[in-house]
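Geometric and topological summary
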Amino acid sequence: MSHRFRIGTAAAVIAALALTGCSSSDPLAADGAVKGSDGSGIIVGSADFPESQLIATIYAAALRAKDIEVTEKLNIGSREVYIPAIQDGSIDLLPEYNGALLQYFDAETDAVTPDEVSEALAGKLPEGLIALPKSDAQNGDVLTVTKETAEKYNLTTIEDLVAHADELVLGGPPEWKTRINGVKGLEQVYGLTFKDFSALDAGGPLTLSALLSGQIQVADLFSTDFAISENDLVTLEDNKKLFLAENIVPLISDAKASDEVKAVLQSVSDALTTEDLIEMNGRVAALEDMGDIAADFLKEKNLD
């Protein structure tokens, strides 16, 4: 598949996301709704990238299937925005990635494996927040280059970038500039100083377009992105383990974590696989409605 076609598809994805509610409006703006922590229903939020919105949509649909009142406030922003929102009761529940969440609260953690990360996270969450048991499904950050760039510089690991980083532009979400699992960590763990950092989006179409067009040479993408295989991209091995295990976990306000709610969310976590994420992400990028994708998932897993 040509780069021109993939870049065009990325542009289409941007338009589609705008049509499905991923607009610039603030999902936390006052709309007359009672904050979740003060009401009987559950407000489900998400980060500002499609997979997070998709999993949140699945959570919401699964809860509604059990007659639990749900309000959705998706596309909130980065972790730096939605963690304060769940702490102040603006939202009650959202999908998280346990490794990145742990590093948000403990930048010096030495946990790496799924079990290590889950155990460490339980001791670092602020009072009032609970990370429910993890899913086997994972989606982590991966540094990605084109096949041409990998061959030109003989790249197979992140460490291989050290000799060439001053010639290369890194692209990723704006918050990556200061995150430990971002530019800061690449400097500290690998000694990498890139020619420049381009603030784009969270593993989304802007980053993909910039990589395929040569505006950047190294991209932060997500391991479940179908575009990696479709574009014959190369993911560099994280040989120094900067990026932790990234299992999907429901992050929920303790006040809303009833036995019924926990059971519903656990059923979703138990059913969800990494392969499911890759397949569903492909459907999102093909402009299918997230509600339809969520409904199909619940039906296939007998959760509807």
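Values in this document were obtained by computation on a predicted structure and should not be read as measured data.

As a further point, take empty space enclosed by the protein. Once rolled over the atoms, a probe with the size of a water molecule shows which space is left empty. Throughout the structure, instances matching the rule amount to two cavities of 30 Å³ or more. Along its surface, the second largest cavity is lined by 21 residues, and Phe49, Arg79, Asp141, Arg179 and Phe222 are the ones closest to its centre. Of all elements in the fold, only α3 (79-87) and β8 (218-222) reach the threshold of two or more residues within the lining of the second largest cavity. A per-class count over the lining of the second largest cavity returns nine nonpolar, five polar and seven charged. Here the lining of the second largest cavity spans two domains, since at least three of its residues come from each of domain 1 (42-138 + 244-301) and domain 2 (141-235).

Examined against the element boundaries, Glu246 turns out to sit in the loop between β9 (234-235) and β10 (248-253). Buried within the structure, Glu246 lacks any salt-bridge partner; its nearest side chain of opposite charge belongs to Arg79, at an N-O separation of 6.1 Å. Once you skip the residues sitting within four places of it in the chain, Glu246 turns out to touch Tyr97, Asn98, Gly99, Ala100, Ala137, Gln138, Asn139 and Gly140.

Time to look at the confidence of the model for the protein chain. Predicted confidence across the protein chain gives a mean pLDDT of 90, with 88% of residues reaching 70 or more. Note on residues 1-24: pLDDT is under 50 here. Beyond four places in sequence and across chains, it has 31 contacts.

Taken N-terminus to C-terminus, the directions of helix α4 (residues 98-105) and helix α5 (residues 114-122) make an angle of 40 degrees; their axes are 9 Å apart at the nearest point. Our classification of the angle between α4 and α5 gives oblique. The handedness of the crossing between α4 and α5 comes out as left-handed. Residues Asn98, Gly99, Leu101 and Leu102 of α4 touch α5, and the partners they reach there are Pro114, Val117, Ser118, Ala120 and Leu121. Considering only residue class, the contact of α4 with α5 consists of six nonpolar, three polar and no charged.

Turning next to the packing of helix α2 (residues 50-65) against helix α10 (residues 259-271). At a closest axis distance of 10 Å, the pairing of α2 and α10 adopts a crossing angle of 130 degrees. Relative to α10, the element α2 is oriented oblique. At the point where α2 passes α10, the crossing takes the right-handed sense. Of α10, the residues touching α2 (which contributes Ile58, Tyr59, Ala62 and Leu63) are Val261, Val264, Leu265 and Val268. Class assignment for the residues of the contact of α2 with α10 results in eight nonpolar, no polar and no charged.

The next thing to look at is α3. Within the span of α3, buried status applies to Arg79, Tyr82, Ile83, Ala85 and Ile86. Taken down its axis, α3 places every buried residue within 160 degrees of arc, on the same side. The elements touched by buried residues of α3 are β3 (93-97), α4, β4 (129-131) and β10. In the stretch just after α3, Gly89 is the one whose phi turns positive, near 90 degrees.

Cut-offs applied
Residues numbered from 1 in each chain as written. Predicted model: local features only at pLDDT ≥ 70, side-chain atom pairs only at ≥ 80, totals over all residues. Heavy atoms only, no water. 1 Å grid on protein atoms, 1.4 Å probe; cavity = no way out; pocket = protein on both sides within 12 Å on 5 of 7 lines; lining within 4 Å. Points joined across faces, edges and corners; volume = space filled by probe spheres on them. Helix = DSSP H or I, 4+ residues; strand = E, 2+ residues; numbered from the N terminus. Nonpolar A, V, L, I, M, F, W, Y, C, P; charged D, E, K, R; others polar. Domains from an automatic or database assignment. Buried < 20%, exposed > 50% of the residue type's maximum accessible area, 1.4 Å probe, protein only. Lys, Arg positive; Asp, Glu negative; His and termini not counted. Salt bridge = Lys/Arg side-chain N within 4 Å of Asp/Glu carboxyl O. Contact = heavy atoms within 4.5 Å. pLDDT = per-residue confidence, 0-100. Axes fitted to C-alpha atoms, helices over the stretch in contact; angles between N-to-C directions. Parallel < 35°, antiparallel > 145°, perpendicular 65-115°, else oblique. Left-handed = near helix turned anticlockwise from the far one by under 90°. Arc of directions from axis to C-beta.

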